[in-house]
Amino acid sequence: QVQLVESGGGLVQAGGSLRLSCVVSGSIFNIGVMAWYRQAPGKQRELVATITSTESKTYADSVKGRFTISRDNAKKAQYLQMDKLKPEVTAVYYCNVYVKECWGSTWQINWGQGTQVTVSS
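Residues numbered from 1 in each chain as written. Predicted model: local features only at pLDDT ≥ 70, side-chain atom pairs only at ≥ 80, totals over all residues. Heavy atoms only, no water.

Some remarks on the side chain of Arg-66
Next up, step 1: Among the structural elements, Arg-66 can be located in the loop between β6 (57-59) and β7 (67-72).
Next up, step 2: Despite its burial, Arg-66 pairs with no opposite charge; the closest candidate is Glu-88, at 6.2 Å N-O.
Next up, step 3: One polar contact links the side chain of Arg-66 to the main-chain carbonyl oxygen of Lys-84, over a distance of 3.4 Å.
Next up, step 4: If near-sequence neighbours (up to four positions away) are discounted, Arg-66 is found in contact with Gln-81, Met-82, Asp-83, Lys-84, Leu-85, Lys-86 and Val-89. (Helix = DSSP H or I, 4+ residues; strand = E, 2+ residues; numbered from the N terminus. Buried < 20%, exposed > 50% of the residue type's maximum accessible area, 1.4 Å probe, protein only. Lys, Arg positive; Asp, Glu negative; His and termini not counted. Salt bridge = Lys/Arg side-chain N within 4 Å of Asp/Glu carboxyl O. Polar contact = N/O pair within 3.5 Å; in protein donor to acceptor, adjacent residues only side chain to side chain. Contact = heavy atoms within 4.5 Å.)

So, the pattern of salt bridges
Next up, step 1: According to the stated counting rule, one finds 2 salt bridges in the structure shown.
Next up, step 2: Linking Glu-46 and Arg-38 is a salt bridge whose minimum nitrogen-to-oxygen distance equals 2.6 Å.
Next up, step 3: Its relative accessible area of 37% is what places Glu-46 among the partly exposed residues.
Next up, step 4: The class for Arg-38 is buried, based on a relative accessible area of 8%.
Next up, step 5: Ionic pairing is found between Lys-64 and Asp-61, a salt bridge with its closest N-O pair at 3.0 Å.
Next up, step 6: Accessibility expressed as a relative area gives 64% for Asp-61, which makes it exposed.

Observations concerning the packing of aromatic side chains
Next up, step 1: Considering all chains together, one arrives at 2 aromatic pairs under this definition.
Next up, step 2: Ring centres 6.5 Å apart and planes at 80 degrees place the aromatic pair Tyr-94 and Trp-111 in the edge-to-face group. Here Tyr-94, found in strand β9 (residues 91-100), pairs with Trp-111, found in strand β10 (residues 108-111); they are 17 residues apart in sequence, far enough to count as distant.
Next up, step 3: The class for Trp-111 is partly exposed, based on a relative accessible area of 37%. (Phe/Tyr/Trp six-rings, centres within 6.5 Å; stacked < 30°, edge-to-face > 60°.)

Here we look at the pairing of strand β8 (residues 77-82)
Next up, step 1: The buried fraction of β8 amounts to 5 of the 6 residues, a majority that puts the element mostly inside the structure.
Next up, step 2: Across 6 bridges, strand β3 (residues 18-26) lies against β8 in antiparallel orientation. Looking at the pairing, Ser-21 lines up with Tyr-79 of β8.
Next up, step 3: The pairing of β7 with β8 spans 6 bridges and is antiparallel. Bridged to Arg-71 within β8 is Gln-78.
Next up, step 4: Two successive antiparallel strands, β7 and β8, enclose a turn made up of 4 residues, where Lys-76 displays a positive phi of approximately 55 degrees. (Pairing = 2+ DSSP bridges.)

Describing the state of the cysteines
Next up, step 1: Scanning all chains against the criterion turns up 1 disulfide.
Next up, step 2: With a sulfur-sulfur separation of 1.9 Å, Cys-22 is cross-linked through a disulfide to Cys-95. Residues Cys-22 and Cys-95 are joined by a disulfide whose S-S torsion is about -70 degrees; by sign, that bridge is left-handed. Linking Cys-22 in strand β3 with Cys-95 in strand β9, this pair joins segments that are 73 residues apart in sequence.
Next up, step 3: For Cys-22, a relative accessible area of 0% puts it in the buried group.
Next up, step 4: Judged by its relative accessible area of 0%, Cys-95 is buried. (Disulfide = S-S within 2.5 Å.)

So, to be careful, I would describe these as geometric facts and stop short of saying anything about function.
Spelled out as structure tokens, the structure:
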């Protein structure tokens, strides 16, 4: 089994910063694309940023220039640095990781439990 543990969420004032972390553990042969999603109250879950194993990155238009995704393959972790935060980014942020548990297996999608990010005005 694969476990994803997120941390780093919290309450911050507008203009502040937070850094989210997601550590992957368990039965892991290979880690592929890693991503962050978020879900605000009453809204659908949306993609925030992705990073491939070769560190190619994509961002939602709404966070470009303010959020930075990164990963540390040795630590089996990914991060989301969030700067110049605005109240509208308040949401539960979820870690999403594609994992192969053994040689020859297919990619499995794994989700973290979510971490709350609240930005006050």
